[in-house]
Amino acid sequence: AAGVIQSPRHLIKEKRETATLKCYPIPRHDTVYWYQQGPGQDPQFLISFYEKMQSDKGSIPDRFSAQQFSDYHSELNMSSLELGDSALYFCASSFAGAGANVLTFGAGSRLTVL
Amino acid sequence: EDQVTQSPEALRLQEGESSSLNCSYTVSGLRGLFWYRQDPGKGPEFLFTLYSAGEEKEKERLKATLTKKESFLHITAPKPEDSATYLCAVQEEYGNKLVFGAGTILRVKS
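Residues numbered from 1 in each chain as written. Chains lettered and ligands numbered in written order. Predicted model: local features only at pLDDT ≥ 70, side-chain atom pairs only at ≥ 80, totals over all residues. Heavy atoms only, no water.

Chemist: With reference to specific residues and values, describe the sheet that holds strand β7 (residues 62-66) of chain B.
Modeler: All names here are of chain B. Read from one edge of the open sheet, five strands run β1-β3-β8-β7-β6, paired in antiparallel fashion. On the outer flanks of this sheet lie β1 (3-7) and β6 (56-59), each paired with one strand and no other. Between one strand axis and the next, the sheet turns through 15° on average, direction left out of account. Looking at chain direction, β6 and β7 are connected through four bridges and run antiparallel. The residue bridging Glu56 from the neighbouring strand is Thr65, located in β7. (Pairing = 2+ DSSP bridges. Helix = DSSP H or I, 4+ residues; strand = E, 2+ residues; numbered from the N terminus. Axes fitted to C-alpha atoms, helices over the stretch in contact; angles between N-to-C directions.)

And the structure:
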């Protein structure tokens with residue numbers, strides 16, 4: 001079965017540079033979520049999109065922005081990178097049907113800021 | 001604000017030694033409580049969703065239960081391949097995002 005695809009898997013940037021992460025959700029899933037997981041930390045919710053509109057916002061820094069495109073893929077743009085942005089970034093997708101929505105996570109993109 | 005607390009932080013078991021992980025939660029209207037397994041450097045892998053108090057679900061050596069304030073993940077006769085971080089998360093009644101606990105790191109030694 002198709003899973004959530006994230007790219008790139010690894011990314012190394014310098015401080016103050018910009019990075020873009022991409023996420024391709026499971027086909028027919030209408031909601032995309034972004035999470036940040038620091039070393040030894042639990043995943044922290046950043047932002048989500050439902051049918052290409054922002055649906056919820058968490059602890060996402062102002063330096064970060066995200067959007068969902070017409071083909072449902074999503075991109076997380078990070079500017080003015082700081083050392084503390086080094087983390088695993090997970091994308092997840094779900095189908096917003098009745099009942100609890102099961103989020104399926106991608107393998108993650110590991111960002112290292114030097 | 002939703003809160004999820006997991007205990008213990010870490011657990012070491014011998015192969016075959018059964019135990020339980022705890023997840024206590026505070027949420028304004030529970031839509032679902034989720035258990036995920038996460039291996040190092042990988043994305044969380046879905047295990048169970050529990051919807052209401054009294055519900056139980058099983059998968060191989062794992063069994064999840066739910067009360068109004070907490071959930072337990074019981075591991076029966078664990079094997080080394082069960083070693084992972086187990087994450088508990090809640091989903092609010094009127095939202096889709098998951099709020100995670102800090103996880104329990106499980107190590108099973110042969």
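On we go from here.
Chemist: Would you mind going over the sheet that holds strand β7 (residues 64-68) of chain A in detail, with residue names and values included?
Modeler: All names here are of chain A. One open sheet holds the four strands; their spatial order is β1-β3-β8-β7, and the pairing between them is antiparallel. Edge strands, defined here as strands with exactly one partner in the open sheet, are β1 (5-7) and β7. Here the average twist between neighbouring strands, direction ignored, is 15°.

Chemist: Provide a residue-level description of the interface of chain B and chain A, including the pertinent values.
Modeler: Listed by partner, the interface residues are 20 residues for chain B and 21 residues for chain A. Around 1,500 Å² of area is buried between chain B and chain A when both sides are counted, 56% of it from carbon and sulfur atoms. Three residues, B:Asn96, B:Lys97 and B:Phe100, lead the burial of chain B against chain A; their summed loss comes to 32% of the area buried on that side. For the interface between chain B and chain A, the tally reads one salt bridge. Here B:Lys97 makes a salt bridge to A:Asp56, at a shortest N to O gap of 3.3 Å. The interface formed by chain B and chain A holds six residue pairs in polar contact (both at pLDDT 80 or more) in total. When residues of the side of chain B that touches chain A are traced back to their parent elements, those giving at least two are β4 (30-38), β5 (45-50), β9 (84-92) and β10 (98-100) of chain B. It is β4(B) that provides the largest number of residues to the side of chain B that touches chain A, a total of five residues. (Contact = heavy atoms within 4.5 Å. Buried area = accessible area lost by both parts, 1.4 Å probe. Salt bridge = Lys/Arg side-chain N within 4 Å of Asp/Glu carboxyl O. Polar contact = N/O pair within 3.5 Å; in protein donor to acceptor, adjacent residues only side chain to side chain.)

Keep in mind that these numbers describe shape and distance, not what the molecule does.
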